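Here is how the chains run, residue by residue.
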Amino acid sequence: MIETTKTYRRDLAAGAFVRLEVVYDDASSTPTYIGYKDADGDLTELNLQPADLSALFDMLKDAADVIGARSDV
């Protein structure tokens, strides 16, 4: 098993930040962990199976396509 961790962090004013962390490995039976920490420090965690992860990816791609098509961004 090879575990991979990817982290995105966006710094905000006054030392606050938003962090998104994804942890996955090469075993087909292991869920993918997604952790989101908001500016208030509250943590939301998801453990997604491949089918759930695929559905989430499709929804995020659709949202990105819509946002990318808007002329005001």
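Scroll up to find the structure this text is about.
Note that this is a predicted model, so its numbers are computed, not measured. Each chain has its residues counted from 1, running along the sequence as written. Predicted model: local features are reported for residues with pLDDT of at least 70 only, side-chain atom pairs are reported and counted for 80 or more only, and whole-chain, interface and lining totals are derived from all residues. Excluded from the side-chain calculation are hydrogens and water; included are all heavy atoms of the structure.

Trainee: Where do I start with the sheet that holds strand E2 (residues 17–25) in this structure?
Mentor: Hydrogen bonds along the backbone pair up the strands of a sheet, which may run parallel or antiparallel. Being paired, for any two strands, means DSSP has found at least two bridges between them. Helix and strand assignments come from DSSP, with helices taken as H or I runs of at least 4 residues and strands as E runs of at least 2, each series counted from the N terminus. With antiparallel pairing, 4 strands are arranged side by side in an open sheet as E1-E2-E3-E4. Two strands in the sheet have a free side with no partner beyond their single neighbour: strand E1 (3–11) and strand E4 (43–48). Each strand axis lies, on average, 10° off the axis of its neighbour in the sheet, ignoring direction. Across the sheet, helix H1 (residues 50–69) touches strand E3 (32–37) and E4, and the angle it forms with E4 is around 120°. Each axis is a line fitted through C-alpha atoms, taken for helices only over the stretch in contact, and angles between the N-to-C directions span 0 to 180 degrees. The contact criterion used throughout is that any non-hydrogen atoms of two residues lie within 4.5 Å.

Trainee: Explain the pattern of salt bridges here, please?
Mentor: Where charged atoms of side chains with opposite charge meet at close range, the side chains can pair. One side-chain nitrogen of Lys or Arg within 4 Å of one carboxyl oxygen of Asp or Glu is enough to make a salt bridge. Applying the stated criterion across every chain yields a total of 2 salt bridges. The salt bridge involving Arg9 is made with Asp11; its shortest N-O contact spans 2.8 Å. By relative accessible area, which is 55% here, Asp11 ends up exposed. Two residues, Lys61 and Asp65, come together in a salt bridge whose shortest N-O distance is 2.9 Å. You can see Lys61 and its partner Asp65 sitting in helix H1, 4 residues apart, about one turn around the helix. In this structure Lys61 comes out as partly exposed when scored by relative accessible area, which is 42%. Using a relative accessible area of 41% as the deciding quantity, one classes Asp65 as partly exposed. Summary of the burial criterion: residues with accessible area below 20% of their type's maximum are buried, those above 50% are exposed, and those between are partly exposed, where the area comes from a 1.4 Å probe applied to protein chains only.

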